[in-house]
Amino acid sequence: MLGAGTMGHALALVFAFGGHEVRLTDSSVTALERAGALMERALATLREAGLVDASWQPERLERAVRRVAGFADAVAEAEIIVEAITEQREAKQALYKAIDGLAAPEAVLASNTSYLNVFPLIPAARQARALIAHWYTPPYLVDLVDIVGGPKTDPAVIGTMRELVLAMGKVPVVMRRFIPGYIANRIQTAITFEVNRLLDEGYASPREIDDAVIHGLALRLPILGVLAKADFTGLPLIADALANRTYEPPAVTGRSETLDRLLAEKREGVLTGRGYFDWNEDPGVLLAERDRRLIALKRALAAIGGPIRPRNEI
Ligand SMILES: NC(=O)c1ccc[n+]([C@@H]2O[C@H](COP(=O)([O-])OP(=O)(O)OC[C@H]3O[C@@H](n4cnc5c(N)ncnc54)[C@H](O)[C@@H]3O)[C@@H](O)[C@H]2O)c1
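Since the structure is predicted, the reported quantities are computational estimates derived from the model, not experimental observations.

Glancing now at the overall build of the protein. The helix and strand inventory of the protein stands at 12 helices and seven strands. For the C-alpha atoms alone, the extent of the protein along its principal axes is close to 60 × 45 × 45 Å. Here the protein holds 314 residues, and 23% of them are scored as buried. In the protein, of all internal contacts separated by at least 6 residues, the share reaching a separation of at least 24 is 62%.

Below, the structure written as structure tokens:
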């Protein structure tokens, strides 16, 4: 596991729970140390909720996820190399080059990139065994994993990664080809643009926007998704709305006045105590609360049978 930040430490846990021996490294000693504490905290939440059994104590974690300072130690003899370093093209390219000289030729290289087309950055000889496996935070609770091959990726490698993710109890979605943000992040980005417009142009307040999303949009999503919901709406109405051009997307300026104002006031989100909302609470407590409610929601959804699954698709 290369990179021990927000995603790396959590992915190390997920792979450990899946029975894999993990070697976790980071170019920053501080990040690697902090990853130990973050993993222990997440482990405690999951143990408390009964999502992992009581044998998952810090000593077992220590054995399952070895934190190693040397990059070479982390990749030597690894069967799967998960890259979860900073989302910077040059950093990733330099790392892939370094891996090339150190890892076994048959090692699978899986990048967790959110938006970058990493395939042109990967040395030619590695491309057949390289792919994107993109997880969502926190990956020990959010089940979706986007799997995307590059133009040269061996389909068998995609199949192996899909099986591996399924064996961890996750939900892989294999995309036909790369597009930045895959599916969920693209839709999330479209929502972000629209929300910025509504805020910047003064249509509603942050709380009103979140109320509309929580009580209107979100309730149906876990049982219907977007396209099954369209079937319940009726496709003629969807076609009429398209034809009436009732929706014009916001201009993509790359900026939001509201966001700029908040950032100028050092309102950076939960970790700083304030963002769109005032939180004023220990971020650790808030993150644990989020995790606890996500767990309860997943359990409630499982108890009612999960999504309504259509039989066939077009
Ligand atoms: N944060 C999310 O919600 C999220 C979700 C899905 C995917 N991702 C993707 O995962 C990747 C990591 O994101 P993050 O949020 O964990 O970032 P992060 O900044 O929290 O962590 C990245 C870590 O990589 C380390 N690093 C940088 N260069 C390195 C190198 N050459 N070798 C080893 N370690 C190095 C940094 O020290 C840092 O600790 C990105 O590609 C991001 O797009 C993030």
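Glancing now at the pairing of strand β4 (residues 108-111). Burial of β4 is two-sided: the residues Val108 and Ala110 facing one way and the residues Leu109 and Ser111 facing the other way are all buried. In this structure, strand β3 (residues 80-83) lies alongside β4, joined through four bridges in parallel fashion. Considered in β4, the bridge of Glu83 is made with Ser111. Of the strand pairs in this sheet, β4 and strand β5 (residues 130-135) are connected by three bridges, and their pairing is parallel. Within β5, the residue paired with Ala110 across the bridge is Leu131.

Glancing now at the domain arrangement of the protein. Many structure descriptions define interface size as the accessible area lost when the parts assemble. Each assigned domain of the protein is listed here: domain 1 (6-175) and domain 2 (184-303). Put simply, the middle of domain 1 and the middle of domain 2, counted by C-alpha atoms, are 28 Å apart. With eight residues of domain 1 at the contact, the number on the domain 2 side is eight residues. Looking at the side of domain 1 that touches domain 2 residue by residue, the classes come out as five nonpolar, two polar and one charged.

With that out of the way, let us pick up the environment of Ala124. Tracing the chain through its elements places Ala124 in the loop between β4 and β5. Along the backbone, Ala124 and Val82 are 42 residues apart, and their C-alpha atoms lie at a distance of 18 Å.

For the rest of this paragraph, the subject is helix α1 (residues 6-17). Taking 1.5 Å of rise per residue, 12 residues should cover 16 Å, and α1 covers 18 Å from first to last C-alpha, within 8% of that figure. Judged by how many residues are buried, α1 sits mostly within the fold: 10 of 12 residues are covered. Inspection of α1 places Met7, Gly8, His9, Ala10, Leu11, Ala12, Leu13, Val14, Phe15 and Ala16 among the buried residues, and these make up the whole buried set. Elements that come into contact with the buried residues of α1 comprise β1 (22-24), α2 (29-48), α3 (58-64), β2 (65-67), β3 and β5. Gly19 lies just past α1 and shows a positive phi near 90 degrees.

With that out of the way, let us pick up the sheet that holds β3. Strand order in the open sheet made by the five strands is β3-β4-β5-β6-β7, with mixed pairing throughout. Each edge of the open sheet is held by one strand with a lone partner, namely β3 and β7 (171-175). Within the sheet, the average angular offset between the axes of one strand and its neighbour, ignoring direction, is 25 degrees. Pairing analysis gives five bridges linking β5 to strand β6 (residues 144-149), with the strands arranged antiparallel. By the bridge assignment for β6, Ala133 is matched with Ile147.

With that settled, the discussion passes to the pairing of β7. Where β6 lies against β7, five bridges are found, and the strand directions are parallel. When the bridges of β7 are listed, Ile147 appears paired with Val174. In this fold, the crossover linking β6 to β7 by way of helix α6 (residues 155-167) has right-handed handedness.

Attention now goes to unusual backbone geometry. In this structure, the amide linkage connecting Thr137 to the following residue, Pro138, adopts the cis form with an omega of -5 degrees. Within the element layout of this structure, Pro138 appears in the loop between β5 and β6. At Glu77, a position not held by glycine, the phi torsion is positive, near 65 degrees. Secondary-structure assignment places Glu77 in the loop between α4 (71-75) and β3. Although it is not a glycine, Asn280 adopts a positive phi angle of roughly 45 degrees. Inspection of the secondary structure assignment puts Asn280 in the loop between α11 (257-264) and α12 (283-303).

Criteria and cut-off values
Residues numbered from 1 in each chain as written. Predicted model: local features only at pLDDT ≥ 70, side-chain atom pairs only at ≥ 80, totals over all residues. Helix = DSSP H or I, 4+ residues; strand = E, 2+ residues; numbered from the N terminus. Buried ≥ 20, exposed ≤ 12 C-beta atoms within 10 Å, placed from the backbone. Contact = placed C-beta atoms within 7 Å. Pairing = 2+ DSSP bridges. Domains from an automatic or database assignment. Nonpolar A, V, L, I, M, F, W, Y, C, P; charged D, E, K, R; others polar. Expected span 1.5 Å × (residues − 1). Axes fitted to C-alpha atoms, helices over the stretch in contact; angles between N-to-C directions. Right-handed = clockwise from strand over helix to strand, strands pointing away.

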